[in-house]
Amino acid sequence: MDQEVKHISQLEMIPVERAVWLESPFEGSAVYRLELQMKMNLNCRVAFAAIPGFIIILNGIMTARSSVQYTHEQVFYETFELNLVPGSHVLEVLVVDYQGCAPLSRVERPNGFFCTAPDMPENVFDTGTAPWRCSREPRYSFKRQDLPHFQCVGGVLTFDSRLPVIEEYQEPLSMERGADAWTFRQTACQCRRLSPSPLPPFCRQPVSNYKIRHIDNCEEHTIYPASCSVINSIYGLEVPANSVRRILLELDDYYCADYELLTSRGAGSHIRVAWAEGLFIDQKGKAKGRRDVVEDKWFIGIHDCFISNGEHNRFFNIDYRAGRYVELLIRTSNEALRLEDFRLKENRYPLEWKGALKTGNRRFDQFAAKAFRTLQMCAHDTFMDCPYYEQLMYIGDGRLQLLTAYVTTEDLRLADHAVMLWGEGLRNEGLFVSLYPARTCQIIPAFSMLYIVTVADYIRWRNVPEVTSRIFPLALRSLMAFEEMVNEDGLLQVGRGWLFIDWAEGWEQGVPPTERGVSCIFNALYLYVLGEFIEACEMLGETEFAARFRKKSQQLYNNIFRYFYRKDETAFSDLPDKSVFSEHANALMLLSPCMPEEIAEKVADTLFSRTMPMVKTTVYFSFYYLEAAIKHHRTDAFFERLELWYEMEPLGLKTLLESPEPSRSDCHAWSSHVLYHLYASVAGLRPTEAGGQNLRCDPQLGHLESLSGSLPTGFGQVDFELTQADGKVIKNISLK
């Protein structure tokens, strides 16, 4: 049996109250150490939790790390299978102190460490009983890094191996006893209540397919010349004393990864490992051009720094990095440095595409594949907006990611986790924070409304009873809270928070025009939310709530029509007293079942013919434009709007952009909703009963001759083959 620490799924609650939280008696990063003497082979489960996170080191080798971050309400413990052979072993757990430079997704809580092994006596592994000791770890430090675009994924790591290792181990401070997060058996636990991680082990596959694009002796912030020098391998590369080597690696795909850098000799050498999604045309970092081109471009990226002590060193990152390019910048001192190895491993949620899809159209198939890769890269312990710049789970973004996951993958545990995390963000006034978990308490009223729709989506597609029973009352409470924001004219009047809707041209900070908080867009969104929630109520048999909100919906529609509809333009204006038009308002209005058919036809003609100037939806909000086009059988407008994705083709991308060029993020999962539409709109597969127990198939293939694939559901895999000829669609559908 080999010694190892293997991450395993642990869904049931274990008796956490038998162990206690430990804290180090000093400030800064800490190493908790446990010496073990095994007389025979050992195989057991060990659960670890730490704030802000942990890295497990067994006998001097980094072997595992935490995957699931804590929230304002709970800390998730992760369970590992520990295998040890007879003999002496040292188990160490590194808990870093970010020194004020933690990623924004990390909630402010007291640092601490917790461990328990339910299959073993308490004095073997359990913190508070087993002989854990801790020492200060001075070699890790962090500082902020400014980039041309906003980023909040944490500071620059510097690891200085020249600093002495503190060999003096002290008794850690024993704090509160472990407590179950949901029964609150322990009240004085400083918000470190424990829950089992609801997620499976992450994908940690080695990344070996990369090529060396360039090597030179230039300093950082130097343009990469058109003529490139290359080598076949960096393994065993020796960098002479008092010199510089700059090495540019291109990965074969976009990755989120952890890395290890192995070096020898080179005392005093500085090694900077930097990551970028693409290189920039200008030194200010405003535009990138083709992402597969590096010549005559500048590398600007997030980096970590390691300083060698001249011995055999094994450097590793603390937080995963993301992108397509890695730059190694090595500056040696008075001794040559040898680069022994550079190893990469993926770090992401194990989201895999179970529903194959073939359109017979090369362009469709290509951006469908890129859409799923984008979704994968934004799926970790949350459905985050982007892995490079923010790593935050916004409701508006996440709703589209969940929909895409529902139609492509069987493993929806991350969806369960996401909707419950957002539920923790419900405030007393009935609004949800727009992103969670995070240190900030940002309110985006539109995103709060979209959580209610997200719950309706969950009921349609997933509907796990224990999850629905938690989130449905939260959505109900929030929807009723919006009733308090309706003014004397019967219109929703939003008065607080960031009034973001879309990064549309001409809208400063993504905020549409309003008059004292009144806008057709917000009212149309409110109307859309009511309609979606009514349908969810009916699926759950909540007929009284459905009837109540149906009445509210009709009243709201009548008031919107009175104040915003322009008969001459046959469209809804964004403002009650001015004629200012957007696709956003009119697409949302077309999604309401309250609109009479004759009005809907006129508005659809105005919107989709594009004969009147309107503010155009970008990639994100085009989701609702595409929904409206399909609902009103305007496949011409639907396929025309896909040009937003076709425009990404010549850019050499592996994933999908955040917005039209110049885009900040090259990997933004709200753009992946196009894949959802291929299933739910083009193939027309949508649930008619809660949990997808019944599906309707209303395909709208447009110019496509065929579409085939598989849709994973909770009751089996639905295989479909749709063929179009002479204006008719032949359906071949089966259930496995």
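Located above this text is the structure these notes cover.
Residues numbered from 1 in each chain as written. Predicted model: local features only at pLDDT ≥ 70, side-chain atom pairs only at ≥ 80, totals over all residues. Heavy atoms only, no water.

Let us now look at the environment of Lys297. Inspection of the secondary structure puts Lys297 in the loop between strand S19 (270-276) and strand S20 (302-307). Judged by its relative accessible area of 6%, Lys297 falls in the buried class. Lys297 sits 75 residues away from Thr222 along the chain, and the two C-alpha atoms are 8.7 Å apart. When sequence neighbours within four positions are dropped, the list of residues in contact with Lys297 reads Ile223, Tyr224, Leu279, Phe280, Ile281, Lys288, Gly289 and Arg290. There is a polar contact of 2.5 Å between the side chain of Lys297 and the backbone oxygen of Arg290. (Helix = DSSP H or I, 4+ residues; strand = E, 2+ residues; numbered from the N terminus. Buried < 20%, exposed > 50% of the residue type's maximum accessible area, 1.4 Å probe, protein only. Contact = heavy atoms within 4.5 Å. Polar contact = N/O pair within 3.5 Å; in protein donor to acceptor, adjacent residues only side chain to side chain.)

Moving on: the environment of Leu588. Mapped onto the fold, Leu588 is located in helix H9 (residues 583-590). On the basis of relative accessibility, which here comes to 0%, the residue Leu588 falls in the buried class. For Leu588, the contacting residues outside a window of four places in its chain are Ile521, Ala524, Leu525, Tyr528, Phe621 and Tyr624.

Residues Phe383, Leu642 and Trp645 are the most contacted members of the largest nonpolar core, which totals 155 residues. No other element matches helix H7 (residues 520-539), which puts 15 residues into this core. Among all residues touching Leu642, those that are not within four sequence positions of it are Phe364, Phe367, Leu626 and Val674. (Core = buried A, V, L, I, M, F, W, Y, C linked by side-chain atoms within 4.5 Å.)

Bringing the pattern of salt bridges into the picture now. Applying the stated rule across the entire model yields 51 salt bridges. Of the charged contacts, one joins Asp666 and Arg291 as a salt bridge, the two residues approaching to 2.9 Å between their closest N and O atoms. Of this pair, Asp666 sits in the loop between helix H13 (643-646) and helix H14 (673-682) while Arg291 is found in the loop between S19 and S20, placing the two residues 375 residues apart along the sequence. The same class applies to Asp666 and to Arg291, which are both buried. (Salt bridge = Lys/Arg side-chain N within 4 Å of Asp/Glu carboxyl O.)

Turning our attention to the side chain of Lys297. Among buried charged residues, Lys297 stands out as having no salt bridge; its nearest opposite-charge side chain is Asp292, 6.6 Å away. Here the side chain of Lys297 touches Val293 through a polar contact of 3.1 Å, landing on its backbone oxygen. (Lys, Arg positive; Asp, Glu negative; His and termini not counted.)

Our next topic: the sheet that holds strand S5 (residues 55-58). Taken in spatial order, the five strands line up as S6-S5-S8-S3-S10 in an open sheet, and their pairing is antiparallel. Taken across any chain shown, the strands that pair with only one partner, and hence form the sheet edges, are strand S6 (61-65) and strand S10 (133-136). The average angle at which neighbouring strand axes cross in this sheet is 30 degrees, direction not considered. Direction of pairing for strand S3 (residues 30-38) relative to S10: antiparallel, over a ladder of four bridges. In the strand pairing of S10, Val31 is matched with Ser135. (Pairing = 2+ DSSP bridges. Axes fitted to C-alpha atoms, helices over the stretch in contact; angles between N-to-C directions.)

Remember that side chains alternate between the two faces of the sheet whenever the strand is regular. Examined bridge by bridge, strand S24 (residues 357-358) and strand S29 (residues 706-713) share two bridges and lie antiparallel to one another. The partner of Leu357 across the bridge, within S29, is Gly709. Hairpin connection of S29 to strand S30 (residues 716-725): two residues between the antiparallel strands.

Tallied over the entire structure, the rule returns 48 aromatic pairs. Both rings, one in Phe202 and one in Tyr349, keep their centres 6.0 Å apart while their planes meet at 75 degrees; by these two values the pair is edge-to-face. With Phe202 in the loop between strand S14 (194-196) and strand S15 (206-207) and Tyr349 in the loop between strand S23 (337-346) and S24, this pair connects stretches of sequence that are 147 residues apart. Residues Phe202 and Tyr349 agree in their burial class; the two are buried. The ring of Tyr646 has Arg363 sitting right over it, with the charged end atom 3.7 Å from the ring centre. Across the ring face of Tyr255, the terminal group of Arg373 is positioned such that the distance to the ring centre comes to 5.1 Å. (Phe/Tyr/Trp six-rings, centres within 6.5 Å; stacked < 30°, edge-to-face > 60°. Lys NZ or Arg CZ within 6 Å of the ring centre and 35° of its normal.)

A few words now on the sheet that holds S24. Taken in spatial order, the four strands make up an open sheet running S24-S29-S30-S31, and their pairing is antiparallel. A strand with exactly one partner marks an edge of an open sheet, and here the two such strands are S24 and strand S31 (728-735).

Another point: helix H2 (residues 362-377). Here H2 spans 23 Å end to end across 16 residues, near enough to the 22 Å set by a 1.5 Å rise per residue. Inspection of H2 places Phe364, Phe367, Ala368, Lys370, Ala371, Phe372, Arg373, Thr374, Leu375, Gln376 and Met377 among the buried residues, and these make up the whole buried set. Next to the buried residues of H2 lie strand S18 (244-265), S23, helix H3 (395-408), helix H12 (635-641), H13 and H14. By the N-cap criterion, in which a side-chain oxygen at the helix start approaches the backbone nitrogen of a residue two or three places on, H2 is capped by Asn361, the distance to Arg363 being 3.0 Å. (Expected span 1.5 Å × (residues − 1).)

Moving on, we come to the environment of Gly702. Checked against the element boundaries, Gly702 lands in the loop between strand S28 (695-697) and S29. Taking relative accessible area as the criterion, Gly702 reaches 30% and is therefore assigned partly exposed. Separated by 399 residues in sequence, Gly702 and His303 place their C-alpha atoms 46 Å apart. Gly702 has contacts with Thr635, Phe639 and Gln724, leaving out every residue within four places of it along the chain.

A word on the pairing of strand S4 (residues 42-51). Within S4, eight of the 10 residues are buried, which leaves it mostly tucked inside the rest of the structure. With seven bridges connecting them, S4 and strand S7 (residues 75-84) associate as antiparallel partners. Bridge pairing in S7 places Arg45 opposite Glu81. Where S4 meets strand S9 (residues 112-116), five bridges bridge the pair, whose relative direction is antiparallel. Bridging across to S9, Ala49 finds its partner in Phe114.

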